[in-house]
Amino acid sequence: MPERETIERARKDAREGKSPSTQAGEFVREEIEHVRQGKHGARSTKQAIAIGLSKARRAGVRLRPPKKGTASARTRRQAARDASKGRAGTKRKTSRRRSTAVKRALRREGRSAASPRALAKQARSSARRRSAAQRSAAARRAARTKGPRERSAAARKAARTRARRG
């Protein structure tokens, strides 16, 4: 179950007109925090992200299942199921036995999936899959929902990055 603050932050993003993936980012962030706090582990950074996205869909974030060819049929089916659960709300109480089993399995996994190095590696590899035009368009879209303070902070960061590269 996601924490109340996470749901609040995601709702705030929705009110500000931010994209579903940005709203879902709050849940992913929570999951990464859980791994860092030692609540449980994750086999890989991808697994931690997947858990966060699943929680987001079940909490009602309108996040589409991945397109055909980008993820396995099983993953797509599960994402669709999570999304419909998020719309309908769950009728049944979670099986205690099953949730305990999942928790115990995750506790046995390592904690390095949430290390800054692992996250940076994941971010780089996922950015590499997108073209320069796509990355640029995403940055432009992000700038539209920023206020003046955040915009100037982002501009400073971009200038720093350019200085490092050049």
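It should be noted that the structure appears before, not after, this text.
This section reports on the structure supplied with the text.

Rules used in this analysis
- Residues numbered from 1 in each chain as written.
- Predicted model: local features only at pLDDT ≥ 70, side-chain atom pairs only at ≥ 80, totals over all residues.
- Heavy atoms only, no water.
- Salt bridge = Lys/Arg side-chain N within 4 Å of Asp/Glu carboxyl O.
- Helix = DSSP H or I, 4+ residues; strand = E, 2+ residues; numbered from the N terminus.
- Buried < 20%, exposed > 50% of the residue type's maximum accessible area, 1.4 Å probe, protein only.
- Axes fitted to C-alpha atoms, helices over the stretch in contact; angles between N-to-C directions.
- Contact = heavy atoms within 4.5 Å.
- Nonpolar A, V, L, I, M, F, W, Y, C, P; charged D, E, K, R; others polar.

1. A word on the pattern of salt bridges
No. 1: Applying the stated criterion across every chain, the model contains 11 salt bridges.
No. 2: Across the pair Glu3 and Lys39 runs a salt bridge, and its minimum N-O distance is 3.5 Å. Placement of Glu3 in the segment before α1 (4-15) and of Lys39 in the loop between α2 (20-37) and α3 (45-58) is noted, with a sequence separation of 36 residues between them.
No. 3: Judged by its relative accessible area of 42%, Lys39 is partly exposed.
No. 4: The partner of Arg29 in a salt bridge is Glu26, and the shortest N-O contact between them spans 3.4 Å. Of this pair, Arg29 and Glu26 both sit in helix α2, three residues apart, roughly one helical turn.
No. 5: Arg29 gets classed as partly exposed once you look at its relative accessible area, which sits at 48%.
No. 6: Several salt bridges share partner residues, and in doing so they unite Arg9, Glu26 and Arg29 into one network.

2. Looking at the packing of α3 against helix α4 (residues 73-88)
No. 1: Look at α3 against α4: their axes get within 6 Å of each other, and the N-to-C directions meet at 35°. Residues Ser54, Arg57 and Arg58 of α3 form the contact with α4, whose participating residues are Gln78, Ala79, Asp82, Ala83, Lys85 and Gly86.
No. 2: Its residues assigned to classes, the contact of α3 with α4 comprises two nonpolar, three polar and four charged.

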